[in-house]
There are 2 protein chains.
Amino acid sequence: MATQPELTIQGWGPTSPAHADADLSSSLPKAARRHLARELGWSPRATPPVPVADIRVAPSRLSEQARVRLQVLLGEQNVRTDRESRLRRAGGKSYLDLLRRREGDASDAPDAVVLPGSTEETAALLAACTELGVVVVPFGGGTSVVGGLAGVDPDDRPSVAVDLSRMSSVRSLDVPSSLVTVGPGMRGPALEQALAREGLTFGHLPQSWEFATLGGYAATRSAGQNSTGVGRFDDLVAGLTLATPSGVLELGHPPASAAGPDLLGLALGSEGTLGIITELTLRVRPKPAADAYEGWSFRSWAAGLAALQQLARHDLLPDVVRLSDADETRANLLMAAGGGARALRGSLRARGHADGCLVVLGWEGLPGLLRARRKAAASLLRDGGAIRLGRRVGESWKNHRFQAPYLRDRLMDAGLLVETLETAATWSALPTVYDAVRRALRQSLTRGGRRPLVMSHVSHGYPTGASLYVTVLADRDDALPIQQWLTAKRAATDALLAAGGTLTHHHAVGADHRPWMEREVGPLGVEVLRAVKSRLDPEGICNPGVLLPE
Amino acid sequence: MATQPELTIQGWGPTSPAHADADLSSSLPKAARRHLARELGWSPRATPPVPVADIRVAPSRLSEQARVRLQVLLGEQNVRTDRESRLRRAGGKSYLDLLRRREGDASDAPDAVVLPGSTEETAALLAACTELGVVVVPFGGGTSVVGGLAGVDPDDRPSVAVDLSRMSSVRSLDVPSSLVTVGPGMRGPALEQALAREGLTFGHLPQSWEFATLGGYAATRSAGQNSTGVGRFDDLVAGLTLATPSGVLELGHPPASAAGPDLLGLALGSEGTLGIITELTLRVRPKPAADAYEGWSFRSWAAGLAALQQLARHDLLPDVVRLSDADETRANLLMAAGGGARALRGSLRARGHADGCLVVLGWEGLPGLLRARRKAAASLLRDGGAIRLGRRVGESWKNHRFQAPYLRDRLMDAGLLVETLETAATWSALPTVYDAVRRALRQSLTRGGRRPLVMSHVSHGYPTGASLYVTVLADRDDALPIQQWLTAKRAATDALLAAGGTLTHHHAVGADHRPWMEREVGPLGVEVLRAVKSRLDPEGICNPGVLLPE
């Protein structure tokens, strides 16, 4: 098992000198910087993070008795209370997390980090923590953007981060059944490497792919950039093992079963509140024989949505579909440096698409089928007024698909608020949700002469609707930066729920969306979840700070 | 809302004189009858059901107080205690159900039939029954083949069948989002009729399609003959309303959500144990522009499975896939009367496929895509040694797709045991499961010189595995017919679970599979289901005779 690179403490990317001296001018072309300054009423200013050595971490509250008990259970080297270990498992990677870490605050660090090596050890750990009154927060890649690792406990008990990196290998591969069984701490790149040897792929590619873990995807109901084609992570889980304080659940019976309600679906999205996922059986597929990534342009957002909806109802959506609105399209075109991008901008202007909306479509599969799908889709796209821009736009997107969170660090260094949020709605409700979220964010983040830039794209399509991914940039309020975003987030969430969107399409609930969970599933729905939790986690030690409302 | 035909009390099909005088010689060609007699060591004998007027129904145990309370709630005409109403809601349509009804036993008839007209009325009914100590068993089409309507209560409380036929219309249609909202008592034919006006289809076509209801499909996690293509019923439910004794749950947020565990998946497959489904939102699609049903032949079952697995891993499975084993193929070829069938048998013999396995493949969709899929699949099928038999075999299957349960009545009239069971397993486990089930059924049902005929087919394919549907015929033990089947069913179920199959792929658990439910989901899995049930149905009035082990 190769060691997997650790994320840097105050931002994104591996801890390495290569990223340390990047700045905004080397990350973003001048035209894009000028565009941002103009749109936001912002001037770049240096707002670097405090040195890591200055970050405040409170003394560990784990009792000597508890530490010894856990050491006996897991081995001394697998129970860690040193500053570095705790700091590295403090919170996730939301804008709010980064703000806190950059300002020198890691008061949410766990009191210890424990590393179980098996399902049995995890179950014993959970039973022990139940007796000891110690809160457990599972830690995979640490990439949550919704406060999923908050570790907040209403009873203020000490907490441990359960690091799953010792359970991160392929346990078995059933090629005829297209199933692989893995540990929860495994990451996408390692899985793809192992599968490539057999000509297989898994194909779940969220933006956090380099660092997030397979267990984390399951716990949060992740979706990836190719999910329109290969399916959401949910759809790819054939079975899993959930260690709980009350025992071990083995869930899922591939290929399908009608034996009672779907208990596997209760573990997916449980965000550590019911226990810890210790094994996953996932559906794999042959490496696609062919692929084609291409760009198209629509004259308007409405025309783009209408065309995607036509593709969707005829089951003609590609494997990757990303329709950007006019604001995001403009920014993306300015971010692409070089003569090719300039020529493209000119050509779009000449064809009346100066304020148009780009869509990236990615097709994968057997060549004959790929051709037939593209041909049928192209006909519908042309009927919808789209013009084809060719492969360069698609390939460019593909090459930069994991870059946004790296850029975020540089934008934060220069005095910007930068955060994303996402939802999904039916095709009928989507235009209203889009308008409502934009309005709420703009109203909330406009102050003085400064206003935010709100950029949106459809990131996943379904026959019945699509997801909406929103990126917000604004001049940061350096006096009250956390308050500034919390206010905007509250306004946006209220607005999208009122318009018929879901609370979250693929980021999960975490701590950040908790206040709205009852609105999403109803009071009785919350009660059902509580009943399940009480049965499996009677003392409420499992990640009490997330998902279920207080 | 058109009246939907009612099923006959002692068998399948609408109550109509057209079916009354059919007999085995008019239903089955002579060659097929001879084949059965030879295989089974059976001679046709007349074993007709007792007259309906002679069926014993116990007096209603519903108290006067309870009856009046329910009448006030639902209206007098919607609370029925007459013999006919109760008899028509007694049990389902399994072989055991039919045996009992044919012998004159309807001791499992509900004490009354109630017909709520809305979600609100259903919720009020459940609250009232909780107070009154009355068990409720939802009644849709009455087509359960696993004792789903058993109504058995450990506390022997009176029971009411909650007939959903008053809630059986389309409530809304969202064409852009491909979503239709319907009442749970609606049947497939009525839904298809309503959708056809908009050029749409739903496409869920189980063998019970003429009589089963949409609410029933949801409660039992049904699969239909086209499920390989359009998806299981589960996959087509975007949302539902579940009335429970503790209130109403509105579940599902189309197109997709990551807001916590999937509560919709708890209602699907709950078989009336958590409450009653009062509304469903379902995914619809455009009527396929083209279709092609065709037959192929493999030299052996193993070759057929291997080829389907190749199709599956490349996502090339057709919308309908039915691979029959050699025993089923032989019987099907003999059942097809006429010169065409004789010529086909001759041609298969000549090509070394005399003991071959037929597969019916059905393709639906846009013409260009259909062509590309068929072409790619044909290449894999030929690599797997298959020979194409053309469209006639496929069309013939399609024309007879709903006929088997009609034929069952005629076989029972002539002294036969005839029942089906089904499971699913991964591609790796499927051959072992197949062998194990056949062996168990043959051992259990062989007596004297008589042995059973066990015929199997793969009825649904998935990337990771497939379902297996088994039809059993045997000379009936007229002294102990129920015991004869229970013994065989127990042996088959033990065998298929031990080999890695699931307890049920699409018939649900009901009363018949209850004893194995703990083996399927584990003791802690059962406890989780109990915790949910306790929260929603504290007095345990909701269908206590099914799903959860006693």
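If you're wondering where the values come from, they're calculated on a predicted model, not measured in any experiment. (Residues numbered from 1 in each chain as written. Chains lettered and ligands numbered in written order. Predicted model: local features only at pLDDT ≥ 70, side-chain atom pairs only at ≥ 80, totals over all residues. Heavy atoms only, no water.)

1. Comments concerning unusual backbone geometry
Part 1 of the reasoning: Following Pro254(A), the chain continues into Pro255(A) via a peptide bond in cis, with omega recorded as 5°.
Part 2 of the reasoning: Among the structural elements, Pro255(A) can be located in the loop between strand S9 (247–251) and helix H12 (264–267).
Part 3 of the reasoning: Phi is positive for Arg221(B), which is not a glycine, with a value near 55°.
Part 4 of the reasoning: Locating Arg221(B) in the fold gives a position in the loop between helix H9 (214–220) and helix H10 (227–230). (Helix = DSSP H or I, 4+ residues; strand = E, 2+ residues; numbered from the N terminus.)

2. A closer look at helix H16 (residues 367–383) of chain B
Part 1 of the reasoning: Taking 1.5 Å of rise per residue, the 17 residues of H16(B) would be expected to cover 24 Å, and the 24 Å separating its terminal C-alpha atoms lies within 8% of that figure.
Part 2 of the reasoning: Taken as a whole, H16(B) has its buried residues at Leu369(B), Leu370(B), Ala372(B), Arg373(B), Arg374(B), Ala377(B), Ala378(B), Leu380(B) and Leu381(B).
Part 3 of the reasoning: Close packing links the buried residues of H16(B) with helix H16 (367–383) of chain A together with strand S12 (290–298), helix H13 (301–313), strand S14 (357–365), strand S15 (387–390) and helix H17 (391–399) of chain B.
Part 4 of the reasoning: A positive phi of about 90° marks Gly385(B), the residue just after H16(B). (Expected span 1.5 Å × (residues − 1). Buried < 20%, exposed > 50% of the residue type's maximum accessible area, 1.4 Å probe, protein only. Contact = heavy atoms within 4.5 Å.)

3. A short note on the confidence of the model for chain A
Part 1 of the reasoning: Mean pLDDT for chain A: 95, with 98% of residues reaching 70 or above.
Part 2 of the reasoning: Across the interfaces of the predicted complex, the ipTM metric reaches 0.97, alongside a pTM of 0.97. (pLDDT = per-residue confidence, 0-100.)

4. Remarks on the relation of the copies chain A and chain B
Part 1 of the reasoning: Structural alignment of chain A on chain B gives an RMSD of 0.0 Å, achieved by rotating through 180° and translating 0.0 Å along the axis. Accordingly, the operation relating the two chain copies is best matched by a two-fold axis.
Part 2 of the reasoning: When the interface residues of chain A are mapped onto chain B, 100% of them are again interface residues, pointing to one common binding face. (Least-squares fit on C-alpha atoms with pLDDT ≥ 70 in both.)

5. Notes on the interface of chain A and chain B
Part 1 of the reasoning: The interface of chain A with chain B comprises 79 residues on the first partner and 79 residues on the second.
Part 2 of the reasoning: Summed over both partners, the interface of chain A with chain B comes to about 6,100 Å²; 64% of that surface belongs to carbon and sulfur atoms.
Part 3 of the reasoning: Looking at the side of chain A facing chain B, the largest losses of area belong to Pro255(A), Arg313(A) and Leu524(A), adding up to 11% of the total buried there.
Part 4 of the reasoning: Linking chain A to chain B there are six salt bridges.
Part 5 of the reasoning: One salt bridge in this structure joins Glu527(B) and Arg535(A), with 3.5 Å as the shortest N-O distance.
Part 6 of the reasoning: For the pair chain A and chain B, the interface holds 28 residue pairs in polar contact (both at pLDDT 80 or more).
Part 7 of the reasoning: With twelve residues, helix H21 (residues 517–536) of chain A is the largest single contributor of residues to the side of chain A that touches chain B.
Part 8 of the reasoning: Taken together, the residues that form the side of chain A that touches chain B break down as 39 nonpolar, 27 polar and 13 charged. (Buried area = accessible area lost by both parts, 1.4 Å probe. Salt bridge = Lys/Arg side-chain N within 4 Å of Asp/Glu carboxyl O. Polar contact = N/O pair within 3.5 Å; in protein donor to acceptor, adjacent residues only side chain to side chain. Nonpolar A, V, L, I, M, F, W, Y, C, P; charged D, E, K, R; others polar.)

6. Describing the pattern of salt bridges
Residue and element names in this part refer to chain A.
Part 1 of the reasoning: Under the criterion given, the structure shown has 75 salt bridges over all chains.
Part 2 of the reasoning: A salt bridge links Glu131 to Arg69; the nearest nitrogen and oxygen atoms lie 3.3 Å apart. You can see Glu131 sitting in helix H7 (residues 119–132) and its partner Arg69 sitting in helix H4 (residues 64–74), a full 62 residues away along the chain.
Part 3 of the reasoning: Look at Glu131 and you get exposed, because its relative accessible area is 61%.

7. Here we look at the side chain of Ser227(B)
Residue and element names in this part refer to chain B.
Part 1 of the reasoning: Take Ser227: it is sitting in helix H10.
Part 2 of the reasoning: You can call Ser227 buried: its relative accessible area is 7%.
Part 3 of the reasoning: Within the structure, Ser227 has its side chain in polar contact with the backbone nitrogen of Gly224 (distance 2.5 Å).

8. Some details on the domain arrangement of chain A
Residues and elements named next belong to chain A.
Part 1 of the reasoning: As far as domains go, chain A holds domain 1 (38–50 + 61–287 + 512–550), domain 2 (290–399) and domain 3 (404–498).
Part 2 of the reasoning: Just the C-alpha atoms count here: the centres of domain 1 and domain 2 sit 35 Å apart.
Part 3 of the reasoning: Listed as interface residues are five residues of domain 1 and, on the opposing side, nine residues of domain 2.
Part 4 of the reasoning: Interface area, domain 1 with domain 2, both sides summed: about 560 Å², of which 45% is carbon and sulfur.
Part 5 of the reasoning: For the domain 1 face of the interface with domain 2, the top three residues by lost area are Gln225, Asn226 and Thr228, together amounting to 75%.
Part 6 of the reasoning: Where domain 1 touches domain 2, the interface holds zero salt bridges. (Domains from an automatic or database assignment.)

9. A few points about the environment of Pro14(B)
Part 1 of the reasoning: For Pro14(B), the position within the fold is in the segment before helix H1 (17–20).
Part 2 of the reasoning: C-alpha of Pro14(B) to C-alpha of Val546(B): the two residues are 532 residues apart in sequence and 27 Å apart in space.

10. Here we look at the sheet that holds strand S13 (residues 320–324) of chain B
All names here are of chain B.
Part 1 of the reasoning: What the seven strands build is an open sheet, ordered S15-S12-S14-S13-S17-S18-S16; its pairing is antiparallel. What marks the edges here is a single partner per strand, and that holds for S15 and strand S16 (416–426). Strand after strand, the sheet turns through a mean of 25° between neighbouring axes, direction not considered.
Part 2 of the reasoning: When S16 meets strand S18 (residues 465–475), the two strands line up antiparallel, connected through eleven bridges. Note on S18: the bridge partner recorded for Thr420 is Thr471.
Part 3 of the reasoning: Sheet strands touched by H13: S12, S13, S14, strand S17 (453–458) and S18. Its angle to S13, the strand with the most contacts, is close to 160°. (Pairing = 2+ DSSP bridges. Axes fitted to C-alpha atoms, helices over the stretch in contact; angles between N-to-C directions.)

11. Considering the sheet that holds strand S5 (residues 170–174) of chain B
Residue and element names in this part refer to chain B.
Part 1 of the reasoning: Spatial strand order, S5-S6-S10-S8-S9: five strands in an open sheet with antiparallel pairing. Whereas interior strands pair on both sides, the edge strands pair on one side only; in this sheet they are S5 and strand S9 (247–251). The mean angle between the axes of side-by-side strands here comes to 10°, regardless of whether they run parallel or antiparallel.
Part 2 of the reasoning: As paired strands, strand S8 (residues 237–244) and S9 are joined by five bridges and run antiparallel to one another. Residue pairing across strands places Leu242 opposite Leu249, the latter belonging to S9.
Part 3 of the reasoning: The sheet contacts of helix H7 (residues 119–132) involve S8, S9 and strand S10 (276–283), and relative to S8 the element is tilted by about 40°.

12. Structural notes on the packing of helix H19 (residues 430–445) of chain A against helix H20 (residues 481–498) of chain A
Each pair of packed helices can be summarised by the angle the axes make with each other and by the distance between the axes.
All names here are of chain A.
Part 1 of the reasoning: Contact geometry for H19 and H20: axes closest at 8 Å, N-to-C directions at 155°. Of the possible angle classes, the one that applies to H19 and H20 is roughly antiparallel. The interaxial crossing formed by H19 with H20 has right-handed handedness. Across from Val433, Ala436, Val437, Ala440, Leu441, Ser444 and Leu445 in H19, the residues of H20 making contact are Gln484, Trp485, Thr487, Ala488, Ala491, Ala492, Ala495 and Leu496.
Part 2 of the reasoning: Split into classes, the residues belonging to the contact of H19 with H20 amount to twelve nonpolar, three polar and no charged. (Parallel < 35°, antiparallel > 145°, perpendicular 65-115°, else oblique. Left-handed = near helix turned anticlockwise from the far one by under 90°.)

13. A short note on the UniProt feature "domain: FAD-binding PCMH-type" (unreviewed entry) in chain A
Part 1 of the reasoning: Mapped onto the present numbering, the UniProt feature "domain: FAD-binding PCMH-type" (unreviewed entry) falls at residues 106–287 of chain A.
Part 2 of the reasoning: For the annotated span residues 106–287 of chain A, helix accounts for 23% and strand for 26% of the residues, and the straight-line distance between the end C-alpha atoms is 42 Å. (UniProt positions renumbered as here; feature names shortened; annotations may be inferred.)

14. Focus on a nonpolar patch on the surface
Part 1 of the reasoning: A cluster of nonpolar residues, Val170(A), Leu173(A) and Val175(A), forms a patch on the protein surface that exposes about 170 Å² of accessible area.
Part 2 of the reasoning: Structurally, Val175(A) can be placed in the loop between strand S5 (170–174) and strand S6 (179–182). (Patch = residues over 30% accessible without salt bridge, like charges linked within 9 Å, V, L, I, M, F, W, Y side chains within 5 Å. Areas by Shrake-Rupley, 256 points an atom, 1.4 Å probe, with all protein chains shown as cover.)

15. Here we look at the environment of Ser168(A)
All names here are of chain A.
Part 1 of the reasoning: You can see Ser168 is positioned in the loop between strand S4 (159–163) and S5.
Part 2 of the reasoning: Take Ser168: its relative accessible area is 4%, and that puts it in the buried class.
Part 3 of the reasoning: With 22 residues separating them in the primary sequence, Ser168 and Ala190 have C-alpha atoms 8.9 Å apart.
Part 4 of the reasoning: A polar contact of 2.9 Å, which involves the side chain of Ser168, links it to the backbone oxygen of Ser165.

16. Details of the packing of aromatic side chains
Part 1 of the reasoning: Evaluated as defined, the whole model comprises twelve aromatic pairs over all chains.
Part 2 of the reasoning: A centroid spacing of 5.3 Å and a plane angle of 55° characterise the contact between Tyr217(A) and Phe233(A), whose relative ring orientation is tilted. Note that Tyr217(A) is positioned in helix H9 (residues 214–220) and Phe233(A) in helix H11 (residues 233–236), a separation of 16 residues in sequence. Just as Tyr217(A) is buried, Phe233(A) falls in that class too.
Part 3 of the reasoning: Consider the rings of Trp12(B) and Phe211(B), whose centres lie 5.4 Å apart with planes at 85°: the pair is edge-to-face. Residue Trp12(B) is found in the segment before H1, and its partner Phe211(B) is found in the loop between strand S7 (200–201) and H9; the two are separated by 199 residues along the sequence. Comparing Trp12(B) with Phe211(B), the two get one shared label, buried.
Part 4 of the reasoning: Every member of this aromatic cluster is reached through a ring pair, and the members are Phe202(A), Tyr217(A) and Phe233(A).
Part 5 of the reasoning: A cation over an aromatic ring shows up here: Arg89(A) above the ring of Phe139(A), its NZ or CZ 5.8 Å from the ring centre. (Phe/Tyr/Trp six-rings, centres within 6.5 Å; stacked < 30°, edge-to-face > 60°. Lys NZ or Arg CZ within 6 Å of the ring centre and 35° of its normal.)

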